[in-house]
Amino acid sequence: MSVLVRDDGLSGARRRLRPRRTTLAGLALVGVIALAALAAPLLPWDPEAVDLMARLEGPSAAHWLGTDHLGRDLLARLLHGASVSLGAVAVIVALILTLGIGIGGLSGFLGGRTDRIVMRVCDGFLTVPTFVLAMFMVGVLGTGLTNVVLAIALSHWAWYARIVRGMVLSLRERDFVAAAIVSGASRPRVFAEHILPGVLVQLVVLATLDIGHMILHVAGLSFLGLGVMPPTPEWGVMISDAREFIWTQPMLMLWPGLMILLTVMGFNLLGDALRDRLDPMLAGEDH
Amino acid sequence: MALWRKRLAGTVTAALFLAAAMAGGQAAAASPPGTLTYSWSGNVGPLDPHRYSPNQMFAQAMVYEPLVHYREGGTIEPWLATAWTISPDGRTYDFTLREGVVFSDGTPFDAAAVKANFDAVLSERSRHDWLELIGQIQSVEVLDSRRIRLSLKDPYYPTLLELALIRPVRFAAPSVITADGVRSPVGTGPWMLTETKKGEYDIFTRNPSYWGPKPAYERIVVKVIPDPTARAVAFETGEIDLIYGGTGQISADSFTRFKARGTGRTAVSAPLATRTMAINSGRAPTSDVAVRRAINHAVNKDAIVAKLLYGLEPRADTLFAANFPYTDLGLAPYAFDPARAARLLDEAGWTLPAGGTVRMRDGQPLRVELCFIGNDAREKALAEAIQANLKAVGFDAVLVGEEENAVQARQKDGRFGLIFGDTWGAPYDPHSFVSSMRVPAHADYQAQRGLPMKAEIDAKIGAVLVTRDETARQALYRDILTTLHEQAVYLPLSYLTAMSVSRGVEGVGFGASVYEIRSAPCVRHRDAGERRMLRFIVGRLLTLPPLLLVVSVGVFLLLRLGRGDPALDYLRLSNIPPTDAAVAAVHQLLGLDRPLAEQYLSWLWQALHLDFGLSYVTRRPVLDDLLYYLPATLQLGAAALVVTLAVSLPLGIWAARHRDRLPDHLVRALAFAGVSIPNFWLGFLLVLLFSVTLNWLPPLGRGGWSHLAMPVAAVALMSLCINARLLRASMLETAGQRHVLYARLRGLPERRVVQNHILRNALLPIVTATGMHIGELLGGTLVIENIFGWPGVGRYAVSAIYNRDYPVLQCFTLLMTVIFVLCNLAVDVLYAWLDPRIRPAREVGR
């Protein structure tokens with residue numbers, strides 16, 4: 001008999017009870033990267049200190065991972081790159097959640113004409129492929145990290161607004177919300193106390209699953225030269241800078257790529273774990 | 001006309017080199033089959049001898065020839081003119097033309113042809129403002145069929161030098177000259193442009209009727225390779241035979257590596273021009289001479305030369321190298337001396353506040369904008385090094401990296417503190433370069449604007465160009481150059497050199513066979529519900545126009561209300577100063593003076609007629625350009641989609657059928673890594689492995705299947721991994737459903753159960769996800785194109801963003817949206833086909 005029909009009720013339940021190794025790995029990865037981002041400014045190395053006499057050096061006691069083409073400490077740049085990436089993503093997520101909850105929530109709660117107009121606008125945003133939309137937004141706003149952050153937030157918010165609206169619509173019909181309205185609670189209060197908490201949990205799970213994706217978008221736009229301005233260390237720019245030295249110093253390119261890979265992987269693992277824990281409805285069978 | 005300026009020095013010599021080598025020079029021996037493959041950062045352009053960008057100088061020099069020829073060291077030799085006489089007052093030049101010269105279309109080169117070309121140049125004098133000679137020419141007369149007379153306003157001494165320039169005084173056949181430039185490139189030179197493929201290559205063929213020695217090659221193929229790294233890889237893998245030119249052709253790192261490893265024959269030229277920065281004397285704080293001198297003392301040029309320029313360019317202490325005419329003046333260099341720089345700043349009142357790192361005066365920080373071209377790796381590295389040097393003496397340099405056009409705009413209107421700008425090299429230095437210092441649209445004018453003696457400098461420049469007394473000329477040059485040096489309005493960094501790497505043709509040719517990609521997998525045979533299906537499709541189609549309308553309004557509004565006035569960008573990209581009159585004229589031209597709604601409607605009306613306007617940069621219809629590049633992008637995207645599906649389906653099925661065993665673990669691990677890898681990084685890893693190390697696959701370009709392999713892998717990996725994961729999960733879920741159990745109970749063979757009852761239903765989420773992946777694949781393609789030199793819309797769009805070329809950006813966004821929407825429509829139809837609940841009457845598997 002095929003393995004496909006094996007009953008896995010028991011093993012599934014068992015798996016859910018103790019933390020999986022992948023969850024721990026995700027937590028560890030994100031924890032380490034976050035720690036690096038927080039600790040980067042406290043470390044003695046200056047990521048922007050140019051020393052032309054010590055450029056393209058291999059690992060040494062002074063520079064643990066060596067130096068880049070301007071003699072800047074690679075490790076310091078990688079760590080500061082973590083704060084740039086995580087900082088950017090934190091702002092993006094905050095913006096998306098605010099826009100998503102604000103616009104989507106309002107649309108779902110008010111309904112009627114507002115809802116129809118808002119949803120058409122959302123449709124418009126959802127019609128354009130996200131990366132193309134992000135490129136367009138950078139074109140409108142201009143290059144630079146702030147604008148890239150705005151562009152990515154603006155190209156993602158509509159997904160969230162849609163989801164929030166859907167949740168609000170379904171929650172609105174539930175008894176406890178109707179009860180609250182009947183008992184005379186004001187609309188904003190009903191929203192804040194009864195609807196928002198449920199929405200927020202699901203959104204945070206979704207956002208965590210999306211963070212990896214957003215980090216890749218920030219790095220991709222920066223790689224194209226549309227992101228941060230020098231000398232700010234950012235992983236995508238570091239990869240772009242390192243292309244010249246792909247033969248002589250391939251490690252210059254490998255390290256920042258590896259940092260992106262690990263960070264994205266960490267957030268993906270964490271997102272999956274969060275989803276399985278907090279939101280059984282979304283939980284997939286793929287673990 | 002600043003467009004040609006930056007790469008000028010390199011291109012002059014590149015042109016001379018190509019002309020020489022191809023006339024039977026040293027490169028001939030190494031290369032057997034008669035084709036030389038070279039590369040350039042873009043296409044050579046329409047090749048109008050009288051115009052500038054986008055015409056590439058090296059190519060103009062291959063097709064067109066001058067009256068007289070400039071040889072190294074500044075001597076002039078006969079070329080299309082075999083002899084000339086200069087009248088005693090220095091104002092009249094009589095030229096005797098060479099016998100037996102014909103244009104490549106067979107028409108004769110005679111005095112009438114020369115006159116026709118001069119007329120074409122003189123009819124657009126303002127275009128050639130930078131070149132004093134054009135302003136000096138009063139008349140051009142035909143004396144007889146072989147003789148021509150040039151009359152000048154003043155006895156302008158560099159006349160012959162400027163006639164030798166690659167542009168604008170070279171000669172096209174009168175038959176192709178129109179009021180709006182030449183119709184096709186027909187010259188007297190050794191080469192003819194025979195084929196151009198935008199974004200890919202240009203081909204030159206030997207001119208059979210050339211009067212001079214025949215070139216050693218039959219053909220020259222000039223491949224378009226914008227990226228220096230890609231160019232180096234292309235040489236290494238034998239895709240091109242020759243790298244030649246000034247800065248930026250390949251990185252100094254690649255060059256030194258080629259030299260050390262003996263990859264090809266390497267050579268470096270003597271100094272050709274000066275790599276310098278202009279320091280703005282018209283703006284605080286650099287309006288203070290002490291600050292400018294401090295900058296000169298603060299920058300460690302030796303370190304920059306040794307480390308960033310790999311010792312390939314000698315250090316520059318003065319604006320012009322001493323080997324140019326009139327420039328050997330023995331000026332005292334500003335030595336690297338941070339202590340002295342600090343002292344100068346202290347004395348000027350710029351002091352370090354306690355605990356601060358930036359000097360202050362009167363509450364103002366010592367801050368200056370250092371402008372460079374953002375995607376020029378070398379300028380960026382230099383800018384960062386200079387920034388660090390200045391920081392060490394308490395000077396805060398803010399780096400402003402922008403697209404080339406924006407940097408040129410800053411050069412013209414003086415919005416800079418420090419800005420890169422090379423001198424022009426022989427034969428322009430010093431006279432043309434000095435002459436241009438009087439033109440307000442030059443960084444040099446802007447840099448000198450604040451000097452108290454600027455009027456005096458300009459008067460001396462005017463005098464030096466027309467004086468007929470050699471000692472007076474020397475004295476005037478000494479005055480001008482000494483003043484500029486003492487006022488420290490330049491920060492000379494190094495003397496530019498050209499480098500070459502060459503090798504005989506071997507291995508890779510490039511048959512550019514364009515092939516079709518199979519479209520996405522077909523749906524099965526039709527069934528009885530055809531009509532309902534049709535209705536469904538039509539219904540979905542009808543939702544598209546309103547959706548696209550919403551998008552078009554959004555795109556239009558965001559662009560109009562977004563950033564600044566498009567008219568300013570239009571003017572900047574046209575090299576027109578943004579005077580009020582010019583802005584008003586452009587407003588009218590582009591319809592920007594009308595109400596927004598009206599503008600939108602007229603735009604929409606034109607868009608419905610497939611007219612999306614002209615690009616601000618190329619002045620060609622935007623849609624034509626985009627459609628030109630689109631097939632390459634679609635090919636890559638479609639191939640990636642096919643690979644995504646073709647690989648993810650077996651992987652997902654394999655994993656699901658071996659749940660919790662090795663294949664399952666393998667696939668899940670791969671999928672997990674795959675969704676986390678940045679695609680552009682993966683692209684480089686692939687190049688590193690398959691092109692550089694193993695030399696199995698070509699690193700860039702579009703051609704056969706081998707060109708497609710790496711870009712497709714880089715684009716497809718992420719979607720592929722997501723799909724495999726999804727299919728596995730979906731199959732496991734379906735396998736637990738009741739209808740599958742019933743099927744098994746009915747005793748159906750396992751294979752049929754899997755195929756008919758599990759796979760078919762498990763595919764539904766995959767189909768939905770594919771709709772999403774198409775967006776991702778498109779986005780991935782746009783990035784990956786930039787790495788693999790893939791001639792698609794991605795590269796075009798990125799440059800449009802840099803240039804703020806709004807019509808391109810607008811059309812690009814809409815075009816991508818339409819493609820995305822149509823793909824999603826196809827996916828929906830596929831879904832309806834597969835899903836029993838939507839699909840019309842047919843046997844359902846439960």
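Everything below is about the structure shown above.
Student: An account of the overall build of chain B is requested, with residue identities and associated values reported.
Tutor: A tally of helices and strands in chain B yields 28 helices and 22 strands. Across the 846 residues that make up chain B, the buried fraction comes to 57%. Long-range pairs, those at least 24 residues apart, make up 72% of the contacts in chain B between residues at least 6 apart in sequence. Roughly 33000 Å² of accessible area belongs to chain B as shown, and the carbon and sulfur atoms make up 58% of that amount.

Student: Any details on the interface of chain B and chain A? Residues and values, ideally.
Tutor: Contact with chain B, which involves 83 residues of that partner, is made by 73 residues of chain A. Between chain B and chain A lies a buried interface of about 6800 Å² when both sides are counted; carbon and sulfur atoms form 71% of it. Here chain B is connected to chain A by three salt bridges. In this structure, the salt-bridge partner of Arg72 of chain A is Glu384 of chain B, at a minimum N-O distance of 2.4 Å. The element contributing the most residues to the side of chain B that touches chain A is helix α26 (residues 750-787) of chain B, with twelve residues. Looking at the side of chain B that touches chain A residue by residue, the class counts come to 51 nonpolar, 13 polar and 19 charged.

Student: Tell me about helix α15 (residues 454-466) of chain B, and name the residues and values.
Tutor: Because each turn of an α-helix spans 3.6 residues, side chains separated by three or four positions end up pointing in the same direction. Residue and element names in this part refer to chain B. In this model α15 runs 19 Å from its N-terminal to its C-terminal C-alpha over 13 residues, within 8% of the 18 Å that 1.5 Å per residue would give. Taken together, the buried positions of α15 are occupied by Lys454, Ile457, Asp458, Ile461, Val464 and Leu465. Buried residues in α15, looked at end-on, bunch into an arc of 125 degrees, giving them a common side. Residues of α15 that are exposed and point over 90 degrees away from its buried face: Ala455 and Ala459. Against the buried residues of α15 lie α4 (132-136), α13 (431-436), α14 (443-448) and α16 (470-487).

Student: Let's hear about the sheet that holds strand β19 (residues 396-402) of chain B: which residues, and what values?
Tutor: Residues and elements named next belong to chain B. Here we have five strands laid out as an open sheet, ordered β19-β18-β20-β15-β21, and mixed in their pairing. Among the strands making up the open sheet, the edge pair consists of β19 and β21 (490-496). Each strand axis lies, on average, 20 degrees off the axis of its neighbour in the sheet, ignoring direction. Where strand β18 (residues 367-373) lies against strand β20 (residues 418-420), two bridges are found, and the strand directions are parallel. The partner of Leu370 across the bridge, within β20, is Leu418. Against the sheet, helix α8 (residues 289-298) contacts β15 (273-279), β20 and β21, and its axis sits at roughly 35 degrees relative to β21.

Student: Can you explain the packing of aromatic side chains? Please cite residues and give values.
Tutor: By the definition in use, this model includes 24 aromatic pairs over all chains. Aromatic pair Phe125 of chain A and Trp157 of chain A: ring centres 5.1 Å apart, planes at 65 degrees, arrangement edge-to-face. Note that Phe125 of chain A is positioned in helix α4 (residues 112-127) and Trp157 of chain A in helix α6 (residues 145-172), a separation of 32 residues in sequence. Taking the relative accessible area as the measure of exposure, Trp157 of chain A reaches 6% and is therefore buried. When the centroid spacing of 5.9 Å and the interplanar angle of 70 degrees are considered together, the rings of Phe103 of chain B and Phe109 of chain B count as edge-to-face. As far as burial versus exposure is concerned, Phe103 of chain B and Phe109 of chain B are alike and both buried. Three or more aromatic residues link up through ring pairs in this structure, and these residues are Phe103, Phe109, Phe118 and Phe171 of chain B. In this structure, Lys198 of chain B packs its charged tip against the face of Tyr628 of chain B, placed 4.5 Å from the ring centre. Sitting over the face of the ring of Tyr157 of chain B, Arg473 of chain B holds its NZ or CZ atom 3.8 Å from the ring centroid.

Student: So what about the sheet that holds strand β7 (residues 147-152) of chain B? Which residues, and what values?
Tutor: All names here are of chain B. An order of β4-β5-β7-β6 is seen for the four strands of this open sheet, with the pairing classed as antiparallel. Unpaired on one side and paired on the other, β4 (81-86) and β6 (137-144) mark the two borders of the sheet. The sheet shows a mean angle of 20 degrees between the axes of neighbouring strands, direction not considered. In terms of strand pairing, β6 meets β7 through six bridges, oriented antiparallel. The residue bridging Ser139 from the neighbouring strand is Ser151, located in β7. Along the sheet, helix α3 (residues 111-122) contacts β5 (92-97), β6 and β7; its crossing angle with β6, the most-contacted strand, is approximately 165 degrees.

Student: Account for the pattern of salt bridges, naming residues and giving values.
Tutor: Residues and elements named next belong to chain B. In total, this model carries 37 salt bridges over all chains according to the counting rule given. The closest approach of N and O atoms between Glu132 and Arg438, which form a salt bridge, is 3.1 Å. Placement of Glu132 in helix α4 and of Arg438 in the loop between α13 and α14 is noted, with a sequence separation of 306 residues between them. The closest approach of N and O atoms between Glu598 and Arg594, which form a salt bridge, is 3.6 Å. Overall, Glu598 belongs to the partly exposed group, its relative accessible area being 38%. Each member of the salt-bridge network shares a partner with another, and the members are Arg659, Asp660, Asp664, Arg668 and Arg728.

Student: I'd like a rundown of the pairing of β15 of chain B, residues and numbers included.
Tutor: Residue and element names in this part refer to chain B. Where burial is concerned, most of β15 is hidden: seven out of the seven residues are buried. Two strands pair when backbone bridges link them, and β15 and β21 are joined in this way by six bridges, in the antiparallel orientation. Bridge pairing in β21 links Thr276 to Pro492. Where β15 lies against β20, three bridges are found, and the strand directions are antiparallel. From the neighbouring strand, Met277 faces β20, where its bridge partner is Phe420.

Thresholds, definitions, all that
Residues numbered from 1 in each chain as written. Chains lettered and ligands numbered in written order. Predicted model: local features only at pLDDT ≥ 70, side-chain atom pairs only at ≥ 80, totals over all residues. Heavy atoms only, no water. Helix = DSSP H or I, 4+ residues; strand = E, 2+ residues; numbered from the N terminus. Buried < 20%, exposed > 50% of the residue type's maximum accessible area, 1.4 Å probe, protein only. Contact = heavy atoms within 4.5 Å. Areas by Shrake-Rupley, 256 points an atom, 1.4 Å probe, with all protein chains shown as cover. Buried area = accessible area lost by both parts, 1.4 Å probe. Salt bridge = Lys/Arg side-chain N within 4 Å of Asp/Glu carboxyl O. Nonpolar A, V, L, I, M, F, W, Y, C, P; charged D, E, K, R; others polar. Expected span 1.5 Å × (residues − 1). Arc of directions from axis to C-beta. Pairing = 2+ DSSP bridges. Axes fitted to C-alpha atoms, helices over the stretch in contact; angles between N-to-C directions. Phe/Tyr/Trp six-rings, centres within 6.5 Å; stacked < 30°, edge-to-face > 60°. Lys NZ or Arg CZ within 6 Å of the ring centre and 35° of its normal.

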